[in-house]
Amino acid sequence: MNRERLGELADALIPAEGGMPSATEAGAVGEWLDAVLAARPEFATPLEGISASVEPIDTLPDRDPAGWSVLTAAIVAAYYMNPEVCARVGYAGQRAIPFGADAPDYVDLLESVKSRGPVYRPTP
């Protein structure tokens, strides 16, 4: 996989702007891309093909829609895996929000569902 070429494409997708790093500055074609590929190994082959291309980035969506989809998903995921990027945009990550019995809004919703009884259509 040509990481240099991926870096060119990644920086075209996510340039440095407004105090935010570019994709390559954030490691989106380095360690964070490695993390994406560990989670989604099926991305490697399309990224290999995209990185072998010398065509301008604006031709990729039409020429290789599936590859374009993988490229954009992988680079954006890798970019936002960087904790510094997340901190700069104020994203603390996914958090579990505990549900307690003292949450009447949710309990009220459940009670209305229970009180209406079963609602369904029999299958043919």
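Placed above this text is the structure.
Residues numbered from 1 in each chain as written. Predicted model: local features only at pLDDT ≥ 70, side-chain atom pairs only at ≥ 80, totals over all residues. Heavy atoms only, no water.

Visitor: Would you take a moment to explain the packing of aromatic side chains for this structure?
Guide: Working definition: an aromatic ring pair is given by the centre-to-centre distance plus the angle between the planes. As enumerated under the stated definition, the model contains one aromatic pair in all. Judged by centre distance (5.1 Å) and plane angle (90 degrees), the rings of Tyr79 and Tyr80 are edge-to-face. Accessibility expressed as a relative area gives 40% for Tyr80, which makes it partly exposed. (Phe/Tyr/Trp six-rings, centres within 6.5 Å; stacked < 30°, edge-to-face > 60°. Buried < 20%, exposed > 50% of the residue type's maximum accessible area, 1.4 Å probe, protein only.)

Visitor: Hey, could you run me through the pattern of salt bridges in this one?
Guide: Side chains carrying opposite charge are able to pair once their charged atoms draw close together. In total, this model carries five salt bridges according to the counting rule given. In this structure, Arg5 and Glu8 form a salt bridge, with 3.2 Å as the shortest nitrogen-oxygen distance. With Arg5 and Glu8 both in helix H1 (residues 3-13), this residue pair falls three residues apart, about one helical turn. With a relative accessible area of 13%, Arg5 lands in the buried category. Residue Glu84 is joined to Arg88 by a salt bridge in which the shortest nitrogen-to-oxygen separation is 2.8 Å. Highlighted residues: Glu84 and Arg88, both in helix H6 (residues 83-89), separated by four residues, approximately one helical turn. (Salt bridge = Lys/Arg side-chain N within 4 Å of Asp/Glu carboxyl O. Helix = DSSP H or I, 4+ residues; strand = E, 2+ residues; numbered from the N terminus.)

Visitor: How should I be thinking about a nonpolar patch on the surface in this particular structure?
Guide: Taken together, the side chains of Val76, Tyr80, Val89 and Tyr91 make up a nonpolar region of the molecular surface, amounting to roughly 360 Å² of accessible area. Considering the arrangement of structural elements, one finds Val76 in helix H5 (residues 65-81). Classification of Val76 as partly exposed rests on a relative accessible area of 37%. (Patch = residues over 30% accessible without salt bridge, like charges linked within 9 Å, V, L, I, M, F, W, Y side chains within 5 Å. Areas by Shrake-Rupley, 256 points an atom, 1.4 Å probe, with all protein chains shown as cover.)

Visitor: What's the story with helix H3 (residues 44-52) in this structure? I'm lost.
Guide: Each turn of an α-helix holds 3.6 residues, which means side chains three or four residues apart point in the same direction. By the burial criterion, the buried members of H3 are Leu47, Ile50 and Ser51. Angular distribution of buried residues about the axis of H3 spans 95 degrees; they occupy a single face of the element. Facing away from the buried surface of H3 by more than 90 degrees, the exposed residues are Thr45 and Ala52. In this structure, the buried side of H3 is in contact with H1, helix H2 (31-39), helix H4 (60-63) and H5. (Arc of directions from axis to C-beta. Contact = heavy atoms within 4.5 Å.)

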